[in-house]
Amino acid sequence: MFRNGAALLLGTLVLLLSAAAPAQEPRKEFRRGTVVVTPQVGGGNAHNIGGFREFSDVSFVNVAVRVSVLPFEPLGTGPLGGALELGLEPFFQYYTGEQATAEGRKVAARYHFLAAGTLVPYVEGLAGVAATSLNVPEMDSNHAFFLEGGLGLSYFLKDGVALTVGYRFQHLERGSRRPEHGHQLEHGRGRRLFLFPL
């Protein structure tokens, strides 16, 4: 249910903003050496994608601040031309029904597609570790590993400042040797992107 709603919201935003977006050359915003600071908030819930008999219906909210850099000049031209962003994302995640938390760090890679002016779609991948107090059958360890993939859209309000909405799929594994299937979580995110050319 959340997946369909997030896809519909993102598609609607793309259509509305693409019709109203003034032309701008985003390549100047994504020059090599630019530092990107991204405060973000999000929330979501678990999904039993594998159809497992044992399943905990977990919901959460989270906050994070990503600090990253653009290590290269924008790559290529046309619809696939874009910029690579690499960074670290410390985060805090609160599980609402379980009264539990996870706090840790992720390494992040995001690719921004620069062909659409002030609208900048992206795809991203993240991996990280966290300490957690979440104690459900799928996750009964004090440590967890996070793998995430996502997509989203940034809208530039002015030079160096963008609002971003996105969707992430999060796989959470406990830090133990016991066999298990982990936890799959989906979440939407809202961010404000600040770019600081150096």
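Here the residue numbers are simple positions, counted from 1 along each chain's written sequence. Given that the model is predicted, a residue must reach a pLDDT of at least 70 before its local features are reported, and side-chain atom pairs must reach 80 or more before they are shown or counted; all residues, however, enter totals for whole chains, interfaces and linings. Calculated side-chain values reflect all of the structure's heavy atoms, with hydrogen atoms and water omitted.

1. Quick notes on the environment of E85
- Strands here mean DSSP runs of E at least two residues long; helices mean DSSP runs of H or I at least four residues long; both are numbered from the N terminus. Counting through the fold element by element, E85 comes out in strand β3 (residues 82-95).
- Each residue touching E85, except ones within four places of it in the same chain, is listed here: V36, R66, S68, V69, L70, A108, A109, R110 and H112. By definition in these notes, contact holds between two residues if any of their heavy atoms fall within 4.5 Å.

2. Description of the pairing of strand β5 (residues 119-132)
- Should DSSP find at least two bridges between two strands, the strands are regarded as paired. Relative to β5, strand β4 (residues 100-113) runs antiparallel, the two being bridged by 11 bridges. Bridge assignment links K106 to a residue of β5, and that residue is G128.
- From the end of β4 to the start of β5, which pair antiparallel, there are five residues, and G117 there has a positive phi angle of about 70 degrees.
- Of the strand pairs in this sheet, β5 and strand β6 (residues 143-158) are connected by 13 bridges, and their pairing is antiparallel. The partner of Y122 across the bridge, within β6, is G152.

3. Looking at the packing of aromatic side chains
- A pair of aromatic rings is counted whenever rings of Phe, Tyr or Trp (Trp by its six-membered ring) have centres within 6.5 Å, and the orientation is called stacked for planes under 30 degrees apart, edge-to-face for over 60 and tilted otherwise. Inspection of the entire model under this criterion finds four aromatic pairs.
- Centre to centre, the rings of F91 and F146 are 5.0 Å apart; their planes meet at 70 degrees, and the pair counts as edge-to-face. On the criterion of sequence distance, the pair formed by F91 in strand β3 and F146 in strand β6 is long-range, its members being 55 residues apart. When sorted by exposure, F91 lands in the same class as F146, which is buried.
- Counted as over-ring charges are cases with an Arg CZ or a Lys NZ within 6 Å of the ring centre that also lie within 35 degrees of the ring normal. Stacked on the ring of F91, the Lys or Arg K106 has its end atom at 4.2 Å from the ring centre.
- Above the face of the Y122 ring, R110 is positioned so that its terminal group lies 4.0 Å from the ring centre. Only protein chains enter the calculation, and the probe is 1.4 Å; a residue is then buried if its accessible area is under 20% of its type maximum, exposed if over 50%, and partly exposed in between.

4. Structural notes on the confidence of the model for the protein chain
- Values of pLDDT, the confidence the predictor places in each residue, fall between 0 and 100. Averaged over all residues, the pLDDT of the protein chain is 78; the fraction at 70 or higher stands at 68%.
- A low-confidence stretch, residues 15-23 (pLDDT under 50), is modelled with 10 contacts involving residues beyond four sequence positions or located in other chains.

5. Digging into the pattern of salt bridges
- In the sections that follow, a salt bridge refers to a side-chain nitrogen of Lys or Arg positioned within 4 Å of a carboxyl oxygen of Asp or Glu. Applying the stated rule across the entire model yields 10 salt bridges.
- Salt-bridge contacts for E89 lead to K106; the nearest nitrogen and oxygen are separated by 3.8 Å. A residue pair is termed long-range when its members are at least 10 positions apart, and E89 in strand β3 and K106 in strand β4 qualify at 17 residues.
- Note that R168 is salt-bridged to E89, the shortest N-O span being 3.1 Å.

6. With respect to the nonpolar core
- Buried Ala, Val, Leu, Ile, Met, Phe, Trp, Tyr and Cys residues form a nonpolar core when they are joined through side-chain atoms within 4.5 Å. Residues Y95, L134, F146 and L172 are the most contacted members of the largest nonpolar core, which totals 14 residues.
- Among the elements of the structure, β2 (59-69), β3, β4 and β6 are those that each provide at least two residues to this core.
- Listed in part, the eight residues of the second largest apolar core include F30, L70, A83 and A162.

7. Some words on the environment of V67
- Here V67 is to be found in strand β2.
- For V67, the residues in contact, after removing those within four places along its chain, are V36, G87 and L88.

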